[in-house]
Amino acid sequence: FEPHHWRIDEKAARASFVSCISHFCRSQLMCFADAKHWEKMHIVHCGVDPSRYSTTLDHDGLNALFVGRLAGVKGVPILIDAIGRLSETHPDLKLRLVGDGPDRAALDSDVAARELQDSVTFWGYKPQAEVAEELAQADVFVLPSFAEGVPVVLMEAMAAQVPVVTTRIAGVPELVEDGINGRVVPPGDMHTFANALDDVLSDGDLRRTYGAAGRAKVVSYYDAA
């Protein structure tokens, strides 16, 4: 948010090699850096170890998982709204929120105001090994963010063969291809996010297809090795 303050142009000028985590991030640096420095900007993905994640899943369409900081940029109110919208068509749907942050109390109040306490559970921070265990129990991973780079947590979910529903921002579409290995919807669009989540929850074959394609994408392009 503060490229001028942090002098990203000068840092690129002084560097001999610039690692950019996505084409989108590279393009944003190109906005501020002199064109004579562009050739030293290279795409080097962040990555995960796919072998750490179980791919033996019980796809019953009942368990949604969010992992991330409970802060404004993550768009969690969009997610809570979606769970409320789907409560009639998916009465047994459960959302587990893993993570903590400054918006925890406000989000908790929102859940209570919507009478969704039986559907939405806050689990607080969990280490990476426990996140992997949570993914092994999830049927869909949800990330309605407003700002990201290329979220490693999406790579983790896809490595675990969990279908993802997320937003079309920054480098996310380079990882998640809408209708191929997950769903990617406009950020901030509550109606479209809820509909996409409904589609994934309602179709076990679709979840398996997205899950398998998602793991293949991570293994091919985002393996830390």
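In what follows, the structure referred to is the one given above.
Residues numbered from 1 in each chain as written. Predicted model: local features only at pLDDT ≥ 70, side-chain atom pairs only at ≥ 80, totals over all residues. Heavy atoms only, no water.

## Notes on the layout of surface pockets
So, point 1. Size it by volume and the largest pocket reaches roughly 530 Å³.
So, point 2. Considering the residues around the largest pocket, the lining is formed by 19 residues, among which F1, I8, F24, C25 and Q28 are closest to the centre.
So, point 3. By residue number, the principal contributor to the lining of the largest pocket is helix α2 (residues 23-32), which donates five residues.
So, point 4. Classifying every residue of the lining of the largest pocket gives 13 nonpolar, three polar and three charged. (1 Å grid on protein atoms, 1.4 Å probe; cavity = no way out; pocket = protein on both sides within 12 Å on 5 of 7 lines; lining within 4 Å. Points joined across faces, edges and corners; volume = space filled by probe spheres on them. Helix = DSSP H or I, 4+ residues; strand = E, 2+ residues; numbered from the N terminus. Nonpolar A, V, L, I, M, F, W, Y, C, P; charged D, E, K, R; others polar.)

## Observations regarding helix α8 (residues 190-202)
Each turn of an α-helix holds 3.6 residues, which means side chains three or four residues apart point in the same direction.
So, point 1. Between its terminal C-alpha atoms α8 stretches 18 Å, which fits the 18 Å expected from 13 residues at 1.5 Å a residue.
So, point 2. When α8 is considered as a whole, its buried residues turn out to be F193, A194, A196, L197, V200 and L201. Looking straight down α8, one finds its buried side chains confined to an arc of 160 degrees; they lie on one side.
So, point 3. Capping the start of α8 is the job of one residue whose side-chain oxygen sits 3.3 Å from the backbone nitrogen of H191: D189. (Expected span 1.5 Å × (residues − 1). Buried < 20%, exposed > 50% of the residue type's maximum accessible area, 1.4 Å probe, protein only. Arc of directions from axis to C-beta. Polar contact = N/O pair within 3.5 Å; in protein donor to acceptor, adjacent residues only side chain to side chain.)

## Things to note about the sheet that holds strand β6 (residues 140-143)
So, point 1. Spatially, six strands are ordered β5-β4-β3-β6-β7-β8 in an open sheet, and the strand pairing comes out parallel. The two strands at the open ends of the sheet, each matched to only one other strand, are β5 (120-124) and β8 (183-185). Taken pair by pair, the neighbouring strands of this sheet meet at an average axis angle of 20 degrees, ignoring direction.
So, point 2. With four bridges connecting them, strand β4 (residues 94-98) and β5 associate as parallel partners. Looking at the pairing, V98 lines up with G124 of β5. (Pairing = 2+ DSSP bridges. Axes fitted to C-alpha atoms, helices over the stretch in contact; angles between N-to-C directions.)

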